[in-house]
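Commentary on secondary and tertiary structure
Letter by letter, the chains look like this.
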Amino acid sequence: MLKLTDITIQLHETCLFKNFNASIPTGEVLSIMGPSGCGKSTLLDFLSGSIADTFKTSGQINLNNKELSHLPIEKRHVGILYQESLLFPHLSNLENLMFAIPETIKGKQRAELALEKLSEFNLADKAHTLPAYLSGGQKARISLLRTLLSEPKYLLLDEPFGKLDKALRQEVREFVIAQIETIKLPTILVTHDQDDADAMGGTLVQLTR
Amino acid sequence: MSLKLVNFIIVLSISVFMLIGILGIIAPAFHYLPAIGANEISLDPWKELFLAPEFISSIILTLISGVTATFLSLMIAFSVVAAFYDSKILSIFRKSLAPILAIPHAAIAIGLLFLLSPSGWLIRLFTTFERPPNWITIQDPYTLSLIFALVVKETPYLIFVILACLPQLKTDETLKVGRSMGYNVATIWQKILLPMIYPLIRLPVFIVLAFSLTVVDLALIIGPNTPSTFAVTIFRWFKDADLNERFSASAGAVFLMLFIFVIFIIWELAYRLLYFCSKKKLTTGNRSNLSQSFFQLLGSLYFFILISVILSSIILLLWSFAKRWRFPDILPSTWSFRNIERNITLLNDLSFNTLTIAISSNIIALIISLALLEAKRQQSCKKTLFDRLIYLPILLPQVGFLFGIQILFIKSGISGHFLSVIILHVFYTLPYVYLTLHSPYLAFNQNYLVQACALTHKPYKSFLQIKLAMLKAPIFSAFAIGFSVSIAQYLPTLIAGNGLINTLTTEAVTLASSGERKLVSLLALIQAFFPLIVFMLAIWLPKVWTPARLALKHYLYMRFSDSHSYTIKN
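Residues numbered from 1 in each chain as written. Chains lettered and ligands numbered in written order. Predicted model: local features only at pLDDT ≥ 70, side-chain atom pairs only at ≥ 80, totals over all residues. Heavy atoms only, no water.

Attention now goes to the overall build of chain A. A count of helices and strands for chain A gives six helices and nine strands. In terms of overall size, chain A behaves like a compact globule, its C-alpha atoms giving a radius of gyration of 17 Å where 209 residues would be expected to give roughly 17 Å. Oriented by its inertia axes, the alpha-carbon framework of chain A measures out at about 50 × 40 × 30 Å. Here chain A holds 209 residues, and 52% of them are scored as buried. (Helix = DSSP H or I, 4+ residues; strand = E, 2+ residues; numbered from the N terminus. Rg over C-alpha atoms; globule rule 2.2 N^0.38 Å. Buried < 20%, exposed > 50% of the residue type's maximum accessible area, 1.4 Å probe, protein only.)

As C-alpha cells, this is what we get:
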C-alpha cells in the first residue's frame, strides 16, 4: 500500500497541493487528471524523489509502512514511465532491459532473463535491434518491461500514452493494465485523457488550476 | 536569378577554390611549379622532407600536443557537464563561455605567455626570486605550455557544444529513469549520457583535433621552437627566402593533410574499440560504477582554465598601461598612457584594417548563408552538397591549403590587396556563420512570411521586415561569431595580404616573442576587445531593437504629427 499523507507542494507564493491525502492499495491505480500546469507532473516528481529545489514540500510518503520522503530517487525503488519511451538509443533492446535488471542477477542469467521477458511479449525478434527500429507501440511495451525488470515497489505513469494514436493507445493501455494487475503494484497515473482514467479503474482525482 | 542558380554558383565557386588550393599544394609537392621554372615531376621534395633532421621530432611533438590537448579538453568538458549539471556552478560556467570563445586564441596565448614565462606574473606572485629563474615554463620542448594553451581555448568550445546537445537527449528524464532504477548520477552519465553525447559531438571533436594538430599562430607564440610542431616547421619552410624550400614545404603540407586524416581514423577506431570493450560493463547492473567525485575532480580543472583566462586578460591590461615594471615587482611601479600615445597611428591603422576586413567579410558571409539557407528551405531542407563541403575549410590545415591559394592570388594580381584578404576571411567565417544560422533559419515558421506576403503583396519587403526582423537574434549571433573568427585569422591575412596588409592579429603574433611586451599586450588587448564588444552587442541589440524602434517611431509621430508633413507608415 502506498499512502500519501498531507502532501503540500508550493512554488514561491503558489500552492500547488495542500494537505493532499491518498491511499493506493497494491494492484490499484490512482488516476490524476487536470489541465496543463496544475501540478500533476510536479506531484509525480515529488513522489519519485526528483522534485526541483525551487519547490517547498512537506508531507509523508509511506510504502508498506516505510517512510520514503527523505530518500533519494535511487533508493526508493520507483518505476517511472513518461510519454517518451526514453529507451537508450545506443543500447539494443535486450541491453536496455539488461541495464534495468538488479545487480544481484549476474552473468548470463541477465541476458536470459531479458530475453525470456521479450519472448513473453512476442518481441524476441527485436532483442538485438536498436530502439530506433521499433514502432511506437513496441517502444512503449519495452519501456514498461524495462521499468518492471528493475523491480520497482510502486509505479508512476506520467501520461505514458500521450504520444500514441488512438488505436495504439488502446492497445498499449490494455497491455499496461494487464501488467499492473499481474505484478500488483500501487500505481499513480497522470493523464489529460478521460478514457485513460476510465480504463484504469480505481480512484480518480480531478485537479483544477 | 533564382536561388537555385545562386546556390549552384556559390557551391561551384567554393569547390573550385578548394580544389585550386589543394592542387596548388600537391603540384609543388611533386616538384611541379612552373612559376619558378620547376617543370619536371619528381619525388625529390618527399625525399628531402623525410630526410629533414626535424621531421620526426616535429611530427612527434605535433602528435603529442594535438592529441593530448584534444583528449584533455574533451575529458574536462564532459566532466564539467556531468559533475555540475543542473547546478549554479554550471550556470556560472555557461556565462563564461561566450567571452572566452570571443577572445582570439592569439590574445589568450600572449596573455598566458606573460603569465607563465620565468619573468611572468605567476613567478612574481608566488615566488621570492630576485631574478627570473632559469626555468623553461613556456615554449618548452615537451609542448606542455602549448597543450595548456590549447586546452584553455578548446575546452569552453566543447562545453558549449555539449550543452547545445543536451535538450535533444532529454537529460532530465533520462537521469530520473536511471536513478529510479537505482543508478547513481555519475554512473548514468558514464553508461548512458556520455555515450549518447559523443556521436553528436564527433564533428566538433574532429574540428578541435584538426585545429590542435595544425595550429600555427598559437604554436609560434607559446609552442616549442627547436624543433617546433610540424605545422610551424612547414610554415618556416614556406617563408624561407630559398624558393627550393617551398617544394619540401609543399610535400610537408600534403603529408600533414594525410597525417590528420590518419589521426582521425585512429581516433575513431580507438573510440570504437573503447566502446566495444566497455559495452559489456554497461549492462552488468553495477549501480555505482563511478563516483561523482571523479567528474567533480576533473570538472573542477575548468576553474583553473577560467582563472588562467582572467589572469591573462588582467596581465595584458597591466602591461598595456605600465610605464616601468621591473622583476620581481608584482605591479608596475609607474603607469602611463604613453604606450598608446606613442603607437596611436599604428593602432589606428591596424584597427581600421582589422575592422574593415572583419565587417565586410562577415556581411558577405551572412548574405551567402541567407541565400543558401533560403535555397535549402525551398528544397524541403534536404541535405545539400554545401552541407558536406562547409566543414572542409575548418578541417583542412591552413598551412598547406593557403600556400596553394597564394599562387592563385599572385596569378590573378590581387595578392596583397584587401580583396584577397576579404575573400579568404569569407572562406573561413562562412562555415561558422552558416552553421550558427542553420537551425534557427530552418525552424522559422514560414506561415508568418506567407501571412505577410498575403497582406502586403510585397515579398521582398515582407522578407526583410518580417522574416529577417524576427530572426535578428540568430543573425546578430552569427555575425558576432563570424566576427571573432575573422579577427583571430593569422595565416589567411598574412598570406593573402602578402605582408602588405597587417591586422592586430598578424602584428601581435609577429611581435609576440620580440620582447616588446607593452606594445604586444596593447595589440592583444584591442584584439580581444573588439569581439567582446560585438558579442555584447549581439546579445543586447535584439532585446532593445523593437522597443527602441517603437520609441523612435512614437517620437517622430509626436514631433511631426501636427505639421502634417510626416505620416506614419506601418
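Once that is clear, we can look at the overall build of chain B. When you go through chain B residue by residue, the secondary structure sums to 26 helices and two strands. Its C-alpha radius of gyration of 26 Å places chain B within 12% of the 25 Å reference for a compact globule of 570 residues. Counting only C-alpha atoms, chain B reaches 80 × 70 × 60 Å along its principal axes. A buried classification covers 53% of the 570 residues belonging to chain B. Relative to all contacts within chain B whose residues are 6 or more apart in sequence, the contacts with residues 24 or more apart total 79%. (Contact = heavy atoms within 4.5 Å.)

All right, on to the sheet that holds strand 4 (residues 55-63) of chain A then. If you walk across this open sheet you meet the four strands as 2-1-4-5 (chain A), and the pairing is antiparallel. The sheet terminates laterally at strand 2 (14-24) and strand 5 (66-67) of chain A, the two strands that pair on one side only. (Pairing = 2+ DSSP bridges.)

Moving on, we come to the interface of chain A and chain B. At the junction of the two partners, chain A supplies 24 residues and chain B supplies 23 residues. In this assembly, chain A packs against chain B so that about 2300 Å² is buried in total across both faces, 64% of it on carbon and sulfur atoms. Taken as a group, Glu-74, His-90 and Phe-99 of chain A account for 32% of the area that chain A buries against chain B, more than any other trio of residues on that side. Across the chain A-chain B interface, the total number found is four salt bridges. With a closest N to O distance of 2.8 Å, Arg-179 of chain B and Glu-74 of chain A form a salt bridge. If you look at where chain A meets chain B, you find 10 residue pairs in polar contact (both at pLDDT 80 or more). Secondary-structure elements contributing two or more residues to the side of chain A that touches chain B are strand 6 (78-81) and helix 2 (93-100) of chain A. Sorting elements by how many residues they give to the side of chain A that touches chain B places helix 2 of chain A first, with four residues. Taken together, the residues of the side of chain A that touches chain B break down into 14 nonpolar, three polar and seven charged. (Buried area = accessible area lost by both parts, 1.4 Å probe. Salt bridge = Lys/Arg side-chain N within 4 Å of Asp/Glu carboxyl O. Polar contact = N/O pair within 3.5 Å; in protein donor to acceptor, adjacent residues only side chain to side chain. Nonpolar A, V, L, I, M, F, W, Y, C, P; charged D, E, K, R; others polar.)

It is worth spelling out the domain arrangement of chain A at this point. Accessible area lost upon the coming together of the parts is a frequently used measure of interface size. Residue and element names in this part refer to chain A. Domain annotation for chain A reports domain 1 (2-87 + 134-206) and domain 2 (88-133). In this structure, domain 1 and domain 2 have C-alpha centres spaced 24 Å apart. Listed as interface residues are 15 residues of domain 1 and, on the opposing side, 18 residues of domain 2. At the boundary of domain 1 and domain 2, one finds zero salt bridges. Applying the counting rule to domain 1 against domain 2 returns three residue pairs in polar contact (both at pLDDT 80 or more). Secondary structure elements with two or more residues in the side of domain 1 that touches domain 2: helix 4 (136-149) and helix 5 (166-183). Take the side of domain 1 that touches domain 2: its biggest share by element is seven residues, from helix 4. For the side of domain 1 that touches domain 2, the class distribution of residues is seven nonpolar, four polar and four charged. (Domains from an automatic or database assignment.)

Residues and elements named next belong to chain B. Within this structure's numbering, the places UniProt gives as "domain: ABC transmembrane type-1" (unreviewed entry) are residues 55-267 and 351-538. Along residues 55-267, the helical share is 79% and the strand share 0%, with 22 Å between the first and last C-alpha atoms. Within residues 351-538, the helical portion is 82% and the strand portion 0%, while the C-alpha atoms at the span's ends are 20 Å from each other. (UniProt positions renumbered as here; feature names shortened; annotations may be inferred.)

For chain B, mean pLDDT is 92; residues scoring 70 or higher make up 98% of the total. Mean pLDDT across the secondary structure elements of chain B bottoms out at helix 17 (residues 385-389) of chain B, with 84, and peaks at helix 3 (residues 55-84) of chain B, with 97. (pLDDT = per-residue confidence, 0-100.)

What follows covers the environment of Lys-153 of chain B. Residue and element names in this part refer to chain B. Secondary-structure assignment places Lys-153 in helix 7 (residues 144-169). Sequence separation between Lys-153 and Phe-304 is 151 residues, and the spatial gap between their C-alpha atoms is 12 Å. In contact with Lys-153, other than residues within four places in its own chain, are Ile-100, Leu-101, Ile-103, Pro-104, His-105 and Ile-108.

Ile-188 of chain A together with Trp-189, Ile-201 and Tyr-302 of chain B are the most contacted members of the largest nonpolar core, which has 249 residues in total. In terms of residue count, the dominant contributor to this core is helix 9 (residues 185-214) of chain B (17 residues). Non-local contacts of Tyr-302 of chain B, meaning those with residues more than four positions away in its chain, are made with Ile-76, Val-80, Phe-93, Ser-96, Leu-97, Ile-100, Thr-155, Pro-156 and Ile-159 of chain B. (Core = buried A, V, L, I, M, F, W, Y, C linked by side-chain atoms within 4.5 Å.)

We now examine helix 7 of chain B. All names here are of chain B. Look at helix 7: 35 Å from first C-alpha to last across 26 residues, which is about the 38 Å you get at 1.5 Å a residue. Of all the bends in helix 7, the greatest, near 30°, is centred on Glu-154, and the proline Pro-156 appears no more than four residues after it. Taken across its 26 residues, helix 7 has 19 buried, putting it largely inside the fold. Lys-170 lies just past helix 7 and shows a positive phi near 50°. (Expected span 1.5 Å × (residues − 1). Bend = angle between axes of the 7 residues up to and from the residue.)

Here we take up the domain arrangement of chain B. All names here are of chain B. Along its sequence, chain B is carved into domain 1 (1-42 + 345-570) and domain 2 (46-336). For domain 1 versus domain 2, the distance between C-alpha centres works out to 26 Å. If you look at the interface, domain 1 gives 43 residues, while domain 2 gives 48 residues. At the junction of domain 1 and domain 2, the tally comes to eight residue pairs in polar contact (both at pLDDT 80 or more). The set of elements that each furnish at least two residues to the side of domain 1 that touches domain 2 consists of helix 1 (3-29), helix 18 (392-395), helix 19 (398-412), helix 23 (472-488), helix 24 (491-497), helix 25 (504-511) and helix 26 (517-560). With 12 residues, the top contributor of residues to the side of domain 1 that touches domain 2 is helix 26. Taken together, the residues that form the side of domain 1 that touches domain 2 break down as 34 nonpolar, seven polar and two charged.

Now for the side chain of Glu-154 of chain B. Residues and elements named next belong to chain B. Here Glu-154 lies in helix 7. The side chain of Glu-154 sits in the buried core without any salt bridge; Lys-153 is the nearest counter-charge, 7.3 Å away. Discounting chain neighbours no more than four positions away, the residues touching Glu-154 are Ser-73, Val-208, Phe-211 and Ser-212. (Lys, Arg positive; Asp, Glu negative; His and termini not counted.)

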